[in-house]
Amino acid sequence: NAGVMQNPRHLVRRRGQEARLRCSPMKGHSHVYWYRQLPEEGLKFMVYLQKENIIDESGMPKERFSAEFPKEGPSILRIQQVVRGDSAAYFCASSPVRSGIYNEQFFGPGTRLTVL
Amino acid sequence: TQLLEQSPQFLSIQEGENLTVYCNSSSVFSSLQWYRQEPGEGPVLLVTVVTGGEVKKLKRLTFQFGDARKDSSLHITAAQPGDTGLYLCAGALGSGGGADGLTFGKGTHLIIQP
(Lines give C-alpha, C1' and ligand atoms only; values in the text may rest on other atoms or scores of the structure.)
Protein backbone atom coordinates (compact mmCIF):
# COMPACT_ATOMS: atom_id res chain seq x y z
CA ASN A 1 0.00 0.00 0.00
CA ALA A 2 1.75 3.12 -1.21
CA GLY A 3 2.09 5.97 1.24
CA VAL A 4 1.33 9.63 0.73
CA MET A 5 3.16 10.87 -2.35
CA GLN A 6 4.35 14.40 -2.92
CA ASN A 7 6.07 15.94 -5.89
CA PRO A 8 8.31 17.51 -6.61
CA ARG A 9 10.57 16.76 -3.64
CA HIS A 10 12.57 19.91 -4.28
CA LEU A 11 11.39 23.04 -6.06
CA VAL A 12 13.38 26.18 -6.81
CA ARG A 13 11.60 29.34 -7.88
CA ARG A 14 12.62 32.96 -8.39
CA ARG A 15 10.75 35.74 -6.65
CA GLY A 16 7.47 36.49 -8.42
CA GLN A 17 7.06 33.03 -9.98
CA GLU A 18 4.37 30.52 -9.15
CA ALA A 19 4.91 27.29 -7.21
CA ARG A 20 2.64 24.26 -7.57
CA LEU A 21 2.96 21.45 -5.06
CA ARG A 22 1.17 18.14 -5.57
CA CYS A 23 -0.04 15.55 -3.11
CA SER A 24 -1.58 12.13 -3.75
CA PRO A 25 -3.14 10.71 -0.58
CA MET A 26 -2.90 7.12 0.53
CA LYS A 27 -5.29 4.73 -1.17
CA GLY A 28 -8.68 4.88 0.50
CA HIS A 29 -8.00 8.26 2.14
CA SER A 30 -10.28 11.13 1.26
CA HIS A 31 -9.03 13.81 3.69
CA VAL A 32 -5.95 15.88 2.82
CA TYR A 33 -4.09 18.37 5.00
CA TRP A 34 -1.28 20.76 4.14
CA TYR A 35 1.33 21.93 6.65
CA ARG A 36 4.32 24.24 6.41
CA GLN A 37 7.57 23.82 8.33
CA LEU A 38 9.85 26.82 8.55
CA PRO A 39 13.46 26.44 9.70
CA GLU A 40 13.65 26.11 13.49
CA GLU A 41 9.86 26.12 13.79
CA GLY A 42 7.29 23.41 14.19
CA LEU A 43 4.83 22.32 11.58
CA LYS A 44 1.97 24.76 11.09
CA PHE A 45 -1.43 23.67 9.81
CA MET A 46 -2.50 25.46 6.65
CA VAL A 47 -5.58 23.86 5.12
CA TYR A 48 -7.82 20.79 5.29
CA LEU A 49 -9.65 19.52 2.22
CA GLN A 50 -11.96 16.75 1.17
CA LYS A 51 -12.74 15.92 -2.43
CA GLU A 52 -13.87 19.15 -4.14
CA ASN A 53 -14.31 20.93 -0.80
CA ILE A 54 -12.17 23.14 1.43
CA ILE A 55 -13.16 22.29 5.00
CA ASP A 56 -10.80 24.50 7.01
CA GLU A 57 -8.37 27.06 5.60
CA SER A 58 -7.80 28.96 8.84
CA GLY A 59 -4.02 28.47 8.70
CA MET A 60 -3.50 29.56 5.14
CA PRO A 61 -2.38 33.10 4.27
CA LYS A 62 -5.23 35.05 2.73
CA GLU A 63 -3.22 36.22 -0.26
CA ARG A 64 -1.21 34.33 -2.87
CA PHE A 65 -1.98 30.87 -1.42
CA SER A 66 -4.70 28.53 -2.63
CA ALA A 67 -5.44 24.83 -2.41
CA GLU A 68 -7.69 22.40 -4.21
CA PHE A 69 -8.51 18.70 -4.16
CA PRO A 70 -10.38 17.90 -7.37
CA LYS A 71 -12.62 14.92 -7.93
CA GLU A 72 -9.90 13.34 -10.04
CA GLY A 73 -6.18 13.78 -9.49
CA PRO A 74 -3.94 14.99 -6.70
CA SER A 75 -4.41 17.83 -4.27
CA ILE A 76 -2.59 21.01 -5.33
CA LEU A 77 -1.14 23.74 -3.13
CA ARG A 78 -0.51 26.81 -5.25
CA ILE A 79 1.60 29.77 -4.25
CA GLN A 80 1.50 32.76 -6.57
CA GLN A 81 4.18 35.45 -6.80
CA VAL A 82 6.47 33.67 -4.37
CA VAL A 83 8.67 35.66 -1.98
CA ARG A 84 11.77 34.57 -0.07
CA GLY A 85 9.71 34.09 3.09
CA ASP A 86 7.81 31.29 1.36
CA SER A 87 10.96 29.13 1.43
CA ALA A 88 10.05 26.17 3.64
CA ALA A 89 9.20 22.50 3.65
CA TYR A 90 5.58 21.85 2.75
CA PHE A 91 4.05 18.62 3.96
CA CYS A 92 0.87 16.91 2.95
CA ALA A 93 -0.95 14.42 5.17
CA SER A 94 -3.95 12.23 4.54
CA SER A 95 -6.43 10.39 6.72
CA PRO A 96 -9.21 7.89 6.10
CA VAL A 97 -12.88 8.36 6.86
CA ARG A 98 -13.86 5.95 9.61
CA SER A 99 -16.87 6.94 11.60
CA GLY A 100 -16.30 7.12 15.35
CA ILE A 101 -12.54 6.63 15.19
CA TYR A 102 -10.01 9.43 15.31
CA ASN A 103 -8.63 9.89 11.84
CA GLU A 104 -4.88 9.57 12.19
CA GLN A 105 -2.85 11.60 9.75
CA PHE A 106 -0.08 10.07 7.66
CA PHE A 107 2.50 12.38 6.18
CA GLY A 108 4.26 12.47 2.85
CA PRO A 109 7.99 13.17 2.40
CA GLY A 110 7.44 16.86 1.78
CA THR A 111 8.36 19.39 -0.88
CA ARG A 112 11.28 21.68 -0.11
CA LEU A 113 10.62 25.04 -1.72
CA THR A 114 13.51 27.44 -2.18
CA VAL A 115 12.82 30.95 -3.43
CA LEU A 116 15.83 32.75 -4.88
CA THR B 1 2.68 31.74 22.07
CA GLN B 2 3.33 28.06 21.47
CA LEU B 3 0.22 26.04 22.24
CA LEU B 4 2.17 22.82 22.76
CA GLU B 5 5.47 23.12 24.64
CA GLN B 6 7.95 20.30 24.29
CA SER B 7 10.87 19.76 26.63
CA PRO B 8 13.71 19.39 26.49
CA GLN B 9 14.41 20.94 23.09
CA PHE B 10 17.69 19.04 22.80
CA LEU B 11 18.82 15.87 24.52
CA SER B 12 22.05 13.95 24.02
CA ILE B 13 22.61 10.78 26.05
CA GLN B 14 24.62 7.60 25.95
CA GLU B 15 23.36 4.35 24.53
CA GLY B 16 21.58 2.26 27.16
CA GLU B 17 20.28 5.17 29.23
CA ASN B 18 16.60 5.93 29.81
CA LEU B 19 14.95 9.23 28.94
CA THR B 20 11.64 11.04 29.09
CA VAL B 21 10.43 13.89 26.91
CA TYR B 22 7.41 16.00 27.70
CA CYS B 23 4.62 17.73 25.82
CA ASN B 24 2.60 20.27 27.81
CA SER B 25 -0.28 22.62 27.15
CA SER B 26 -2.92 24.64 28.95
CA SER B 27 -5.47 23.45 26.39
CA VAL B 28 -7.44 20.21 26.38
CA PHE B 29 -6.91 17.98 23.36
CA SER B 30 -9.35 15.40 22.05
CA SER B 31 -6.38 13.29 21.02
CA LEU B 32 -2.62 13.55 20.91
CA GLN B 33 -0.15 12.00 18.52
CA TRP B 34 3.58 11.43 18.65
CA TYR B 35 5.63 11.49 15.48
CA ARG B 36 9.29 10.96 14.68
CA GLN B 37 10.93 12.89 11.88
CA GLU B 38 14.27 12.20 10.17
CA PRO B 39 16.17 14.98 8.34
CA GLY B 40 14.73 15.57 4.88
CA GLU B 41 11.71 13.34 5.49
CA GLY B 42 8.13 13.68 6.65
CA PRO B 43 6.94 12.86 10.19
CA VAL B 44 6.20 9.20 10.83
CA LEU B 45 3.31 8.41 13.17
CA LEU B 46 4.34 6.48 16.30
CA VAL B 47 1.17 6.46 18.38
CA THR B 48 -2.19 8.13 19.02
CA VAL B 49 -3.62 8.52 22.53
CA VAL B 50 -7.22 9.57 23.04
CA THR B 51 -8.27 8.76 26.62
CA GLY B 52 -7.11 10.69 29.69
CA GLY B 53 -4.62 8.57 31.64
CA GLU B 54 -4.04 6.25 28.70
CA VAL B 55 -0.71 4.45 28.49
CA LYS B 56 0.54 2.82 25.29
CA LYS B 57 3.71 0.82 24.77
CA LEU B 58 5.61 0.34 21.54
CA LYS B 59 8.59 -1.92 22.26
CA ARG B 60 10.95 0.27 24.34
CA LEU B 61 8.77 3.37 23.98
CA THR B 62 6.03 4.18 26.51
CA PHE B 63 3.53 6.95 25.81
CA GLN B 64 1.23 8.46 28.40
CA PHE B 65 -1.67 10.90 28.03
CA GLY B 66 -2.36 13.06 31.07
CA ASP B 67 -5.58 12.58 33.03
CA ALA B 68 -6.80 16.03 32.00
CA ARG B 69 -5.72 15.46 28.37
CA LYS B 70 -3.49 18.55 28.49
CA ASP B 71 -0.09 16.86 28.51
CA SER B 72 1.76 13.77 27.40
CA SER B 73 5.10 12.09 27.88
CA LEU B 74 7.29 9.73 25.90
CA HIS B 75 9.66 7.46 27.82
CA ILE B 76 12.38 5.47 26.08
CA THR B 77 14.05 2.61 27.90
CA ALA B 78 17.61 1.54 27.07
CA ALA B 79 18.00 4.05 24.27
CA GLN B 80 19.79 2.95 21.11
CA PRO B 81 21.53 4.99 18.37
CA GLY B 82 18.64 4.11 16.05
CA ASP B 83 16.34 6.15 18.32
CA THR B 84 18.11 9.34 17.22
CA GLY B 85 15.71 11.79 15.62
CA LEU B 86 13.25 14.64 16.09
CA TYR B 87 10.25 13.67 18.21
CA LEU B 88 7.11 15.73 17.69
CA CYS B 89 3.89 15.80 19.64
CA ALA B 90 0.73 17.00 17.94
CA GLY B 91 -2.76 17.52 19.27
CA ALA B 92 -6.26 17.83 17.89
CA LEU B 93 -8.36 20.57 19.46
CA GLY B 94 -11.61 19.50 17.84
CA SER B 95 -14.42 17.49 19.32
CA GLY B 96 -12.81 14.23 18.36
CA GLY B 97 -14.07 11.43 16.18
CA GLY B 98 -13.64 13.70 13.23
CA ALA B 99 -10.76 15.18 11.32
CA ASP B 100 -8.97 18.33 12.39
CA GLY B 101 -5.78 20.14 11.56
CA LEU B 102 -3.13 19.21 14.11
CA THR B 103 -1.28 21.61 16.40
CA PHE B 104 2.40 20.66 16.64
CA GLY B 105 5.06 21.30 19.24
CA LYS B 106 8.53 22.38 18.08
CA GLY B 107 9.95 18.98 18.88
CA THR B 108 12.71 17.36 20.91
CA HIS B 109 15.98 16.70 19.08
CA LEU B 110 17.27 13.42 20.50
CA ILE B 111 20.80 12.12 19.95
CA ILE B 112 21.84 8.73 21.27
CA GLN B 113 25.59 8.33 21.30
CA PRO B 114 27.10 4.85 20.91
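**Re the overall build of chain A**
Then, in step 1: Tallying secondary structure elements over chain A gives zero helices and 11 strands in all.
Then, in step 2: Scanning chain A from its N terminus toward the C terminus, one meets helices and strands in the order β-β-β-β-β-β-β-β-β-β-β.
Then, in step 3: Residue burial in chain A is summarised as follows: out of 116 residues, 45% are buried.
Then, in step 4: At a minimum sequence separation of 6, the contacts of chain A that also span at least 24 residues come to 52%.
Then, in step 5: Charged side chains in chain A number 17 positive and 11 negative. The centres of these two groups are separated by 6 Å.

**Quick notes on the pattern of salt bridges**
Then, in step 1: Applying the stated criterion across every chain yields a total of seven salt bridges over all chains.
Then, in step 2: Between glutamate 41 of chain B and arginine 9 of chain A there is a salt bridge; the shortest N-O distance is 3.9 Å. With glutamate 41 of chain B in the loop between strand 4 (31-37) and strand 5 (44-49) and arginine 9 of chain A in the loop between strand 1 (5-7) and strand 2 (10-13), the pair connects residues from two separate chains.
Then, in step 3: The salt bridge involving lysine 56 of chain B is made with glutamate 54 of chain B; its shortest N-O contact spans 3.8 Å.

**Side note on the state of the cysteines**
Then, in step 1: This model, assessed by the stated rule, comprises two disulfides over all chains.
Then, in step 2: Between the sulfur of cysteine 23 of chain A and that of cysteine 92 of chain A lies a disulfide, 1.8 Å long from S to S. In this structure, the disulfide formed by cysteine 23 of chain A and cysteine 92 of chain A twists by about -50 degrees around the S-S bond and is classed as left-handed. Here cysteine 23 of chain A is found in strand 3 (residues 19-24), whereas its partner cysteine 92 of chain A is found in strand 9 (residues 88-95), with 69 residues between them in sequence. For the pair shown, cysteine 23 of chain A and cysteine 92 of chain A are each scored as buried.
Then, in step 3: Here cysteine 23 of chain B connects covalently by a disulfide to cysteine 89 of chain B, the sulfurs 2.0 Å from one another. Handedness of the cysteine 23 of chain B-cysteine 89 of chain B disulfide follows from its S-S torsion of about 75 degrees: it is right-handed. Pair noted here: cysteine 23 of chain B is in strand 3 (residues 19-24) and cysteine 89 of chain B is in strand 9 (residues 85-92), with a separation of 66 residues, a long-range link.
Then, in step 4: Here cysteine 23 of chain B falls in the buried class, since its relative accessible area comes to 0%.

**Structural notes on the interface of chain B and chain A**
Many structure descriptions define interface size as the accessible area lost when the parts assemble.
Then, in step 1: Facing 23 residues of chain B, the contacting portion of chain A comprises 23 residues.
Then, in step 2: Between chain B and chain A, a total of about 1700 Å² is buried, with carbon and sulfur atoms accounting for 53% of that surface.
Then, in step 3: At the boundary of chain B with chain A, the tally comes to one salt bridge.
Then, in step 4: Joining chain B to chain A, the criterion identifies six residue pairs in polar contact (both at pLDDT 80 or more).
Then, in step 5: When contributions to the side of chain B that touches chain A are tallied by element, the ones reaching two or more residues are strand 4, strand 5 and strand 9 of chain B.

About the criteria used
- Starting from 1, residues in each chain are numbered consecutively following that chain's sequence as written.
- A letter from A marks each chain and a number from 1 marks each ligand, given out in the order of writing.
- Local features in this predicted model are restricted to residues whose pLDDT is 70 or higher, and side-chain atom pairs enter the listing and the counts only when it is 80 or higher, whereas totals over whole chains, interfaces and linings include all residues.
- Each side-chain value is worked out from all heavy atoms of the structure, with water and hydrogens disregarded.
- For the purposes of this entry, the term helix denotes a DSSP run of H or I that reaches at least four residues, the term strand denotes a run of E that reaches at least two, and both are numbered from the N terminus.
- Each residue gets one of three labels from its accessible area relative to the maximum for its type: buried under 20%, exposed over 50%, partly exposed in between, using a 1.4 Å probe on protein chains only.
- It only takes one pair of heavy atoms within 4.5 Å for two residues to be counted as in contact.
- When charges are counted, Lys and Arg contribute as positive and Asp and Glu as negative, whereas His and the chain ends are disregarded.
- All charge positions are set by atom: Lys at NZ, Arg at CZ, Asp at CG, Glu at CD.
- By definition, a salt bridge exists where a carboxyl oxygen of Asp or Glu is found within 4 Å of a side-chain nitrogen of Lys or Arg.
- Only a pair of cysteine sulfur atoms within 2.5 Å counts as a disulfide in this structure description.
- Using a 1.4 Å probe, buried area is obtained as the accessible area two parts lose upon being combined, added over both of them.
- The term polar contact refers here to a pair of N or O atoms within 3.5 Å; inside protein, the definition further demands a hydrogen-donor-capable atom paired with an acceptor-capable atom, and it admits residues adjacent in sequence only when both atoms are side-chain atoms.

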